[in-house]
Amino acid sequence: MGHSSDDDKILSYNDVVLRRSDLDILNGPNFLNDRIIEFYLSYLSTVHTSSAISLIPPSIAFWISNCPDTESLKDFIKPLRLLESDLLIFPVNDNTNVELAEGGLHWSLLVYYREVNSFFHHDSLMGLNRWSAKQLFEAVSPFVSDGDAMYRECSDTPQQKNGYDCGVYLLAIAQVICQWFSSGGEKNRDELWFTDVKETVPDLVSHLREEILGLIRRLISEKSE
């Protein structure tokens, strides 16, 4: 009789393969890994199907930020068709070692909104990822605008109360911003989604791990039918 391993594949969803160990990460007070971040962003892309929204996987955002060769970066970015999106969501990780898979100790979120030609950095830990976000902004900005986009640190982003929930905050903020955009968006150029993030993210974070676990179990069940 076979026995399960933490490395067992439990779900293939779009281009993401989840393993049994990912459930353990969601069950406990643990730092979310790249696979869980990519899975939930991929799920959000199936909920918010507008071609105007692009949710970029962590591995792609990381390579854009750390690619050492400009020409290679141009070839890499071209298929993403970033110029065709009005809302771009990038996960930011503080890993700087291109040879270390799933490195880094902190997640945050960089958002580009074309209507105001600006990038917004949401960091749930006192701007800890400011340098990494600015690096990604400088790398990707020429490919989403004429290189004249503005950059803003969102200092009123809700703050985590522990050392491991940064990825949960990233996903919660991404969910709120996608919902804001899909609902038509607040046209006040100063307000945008900021009030929605401040008012809804703290509560959303408190149950998002359970929500993602339930989603994974439902998808597993549907695939086994």
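Source: prediction; values computed, not measured. The numbers attached to residues start from 1 for each chain and follow its sequence in the written order. With the structure being a predicted model, the display of local features is reserved for residues of pLDDT at least 70 and the display and counting of side-chain atom pairs for 80 or more, all residues being used for whole-chain, interface and lining totals. Processing note: side-chain calculations cover all non-hydrogen atoms of the structure and skip hydrogens and water entirely.

*Asks:* Could you clarify how one ought to interpret the pattern of salt bridges in this entry?
*Replies:* Working definition: two side chains of opposite charge can pair if their charged atoms are close together. Put simply, a salt bridge is a Lys or Arg side-chain nitrogen that is within 4 Å of an Asp or Glu carboxyl oxygen. Using the criterion set out here, one finds 9 salt bridges in the structure. The closest approach of N and O atoms between Lys74 and Glu71, which form a salt bridge, is 3.4 Å. Placement of both Lys74 and Glu71 in helix 4 (residues 70–77) is noted, with a separation of 3 residues, approximately one turn of the helix. Relative accessible area decides the class of each residue, using a 1.4 Å probe on protein chains only: under 20% of the type maximum gives buried, over 50% gives exposed, and in between gives partly exposed. Using a relative accessible area of 48% as the deciding quantity, one classes Glu71 as partly exposed. With a shortest N-O distance of 2.9 Å, Asp165 and Arg209 are connected by a salt bridge. Placement of Asp165 in the loop between strand 7 (150–153) and helix 6 (166–182) and of Arg209 in helix 7 (residues 194–224) is noted, with a sequence separation of 44 residues between them. Asp165 gets classed as buried once you look at its relative accessible area, which sits at 12%. The exposure class of Arg209 is buried, given its relative accessible area of 9%. A run of DSSP states H or I qualifies as a helix once it reaches four residues; a run of E qualifies as a strand once it reaches two. Both are numbered from the N-terminal end.

*Asks:* Help me understand helix 2 (residues 34–47), please; the structure alone is not making it clear to me.
*Replies:* A turn of α-helix holds 3.6 residues, and therefore any two residues three or four places apart point the same way. By this rule, a helix spans an expected 1.5 Å times one less than how many residues it contains. The first and last C-alpha atoms of helix 2 sit 20 Å apart over 14 residues, in line with the 20 Å expected at 1.5 Å per residue. Listing the buried residues of helix 2 in full gives Asp34, Ile36, Ile37, Phe39, Tyr40, Leu41, Ser42 and Leu44.

*Asks:* Explain the packing of aromatic side chains here, please?
*Replies:* We describe a pair of aromatic rings using the distance from one ring centre to the other and the angle between the two ring planes. Classification of ring pairs rests on two measures: the distance between centres of Phe, Tyr or Trp rings, Trp counted by its six-membered ring, which must be within 6.5 Å, and the angle between planes, read as stacked under 30 degrees, edge-to-face over 60 and tilted in between. In this structure the tally under the stated criterion is 13 aromatic pairs. When the centroid spacing of 6.3 Å and the interplanar angle of 90 degrees are considered together, the rings of Tyr113 and Phe181 count as edge-to-face. With Tyr113 in strand 5 (residues 107–113) and Phe181 in helix 6, the pair connects residues that are 68 residues apart, well separated along the chain. By relative accessible area, which is 3% here, Tyr113 ends up buried. Under the relative-accessibility criterion, Phe181 is labelled buried at 18%. We call a charge positioned above a ring when the Lys NZ or Arg CZ atom is no farther than 6 Å from the ring centre and deviates by at most 35 degrees from the ring normal. Positioned over the ring face of Tyr151 is Lys134, at 5.1 Å from the centre of the ring.

*Asks:* Which parts of the structure should I look at to understand the sheet that holds strand 7?
*Replies:* For sheets, the rule is that strands pair by backbone hydrogen bonds, running either parallel or antiparallel. In this description, strands pair whenever DSSP reports at least two bridges between them. Read across the open sheet, the 5 strands follow the order 3-4-5-6-7; overall the sheet is mixed. The strands lining the two open edges of the sheet, one partner per strand, are strand 3 (53–55) and strand 7. If you compare each strand with its neighbour and ignore which way they point, the axes differ by 20 degrees on average. In this sheet, strand 4 (residues 87–93) lies alongside strand 3 in parallel orientation, the contact comprising 3 bridges. Bridge pairing in strand 4 places Ile53 opposite Leu87. Structural elements are reduced to axes, namely lines fitted to C-alpha atoms, with helices fitted over the stretch in contact, and the angle between N-to-C directions of any two is expressed from 0 to 180 degrees.

*Asks:* It is not clear to me how the packing of helix 2 against helix 6 should be interpreted in this structure. Could you clarify?
*Replies:* To characterise two packed helices, one gives the angle between the axes of the helices and the distance between these axes. At their nearest, the axes of helix 2 and helix 6 sit 11 Å apart, and the two run at 10 degrees to each other. With respect to each other, helix 2 and helix 6 are oriented roughly parallel. For the pair formed by helix 2 and helix 6, the contact residues are Ile36, Ile37, Tyr40, Leu41 and Leu44 on the first element and Gly167, Leu170, Leu171, Ala174 and Gln175 on the second. Side-chain classes follow a simple rule in which Ala, Val, Leu, Ile, Met, Phe, Trp, Tyr, Cys and Pro form the nonpolar group, Asp, Glu, Lys and Arg form the charged group, and the remainder, Gly included, forms the polar group. For the contact of helix 2 with helix 6, a count of residues per class yields 8 nonpolar, 2 polar and no charged. Here is the rule for angles: anything less than 35 degrees is roughly parallel, anything more than 145 is roughly antiparallel, 65 through 115 is roughly perpendicular, and the remaining ranges are oblique. The criterion used for residue contact is that any of the two residues' heavy atoms lie within 4.5 Å.

*Asks:* Teacher, can you tell me more about unusual backbone geometry here?
*Replies:* Excluding glycine, a negative phi dihedral is what most residues carry, and trans is how most peptide bonds are arranged. For Asn14, which is not a glycine, the phi torsion comes out positive at approximately 50 degrees. Turning to its location among the elements, Asn14 is positioned in the loop between strand 1 (9–13) and strand 2 (16–19). Positive phi values are uncommon outside glycine, yet Leu192 reaches one of about 50 degrees. Note that Leu192 resides in the loop between helix 6 and helix 7.

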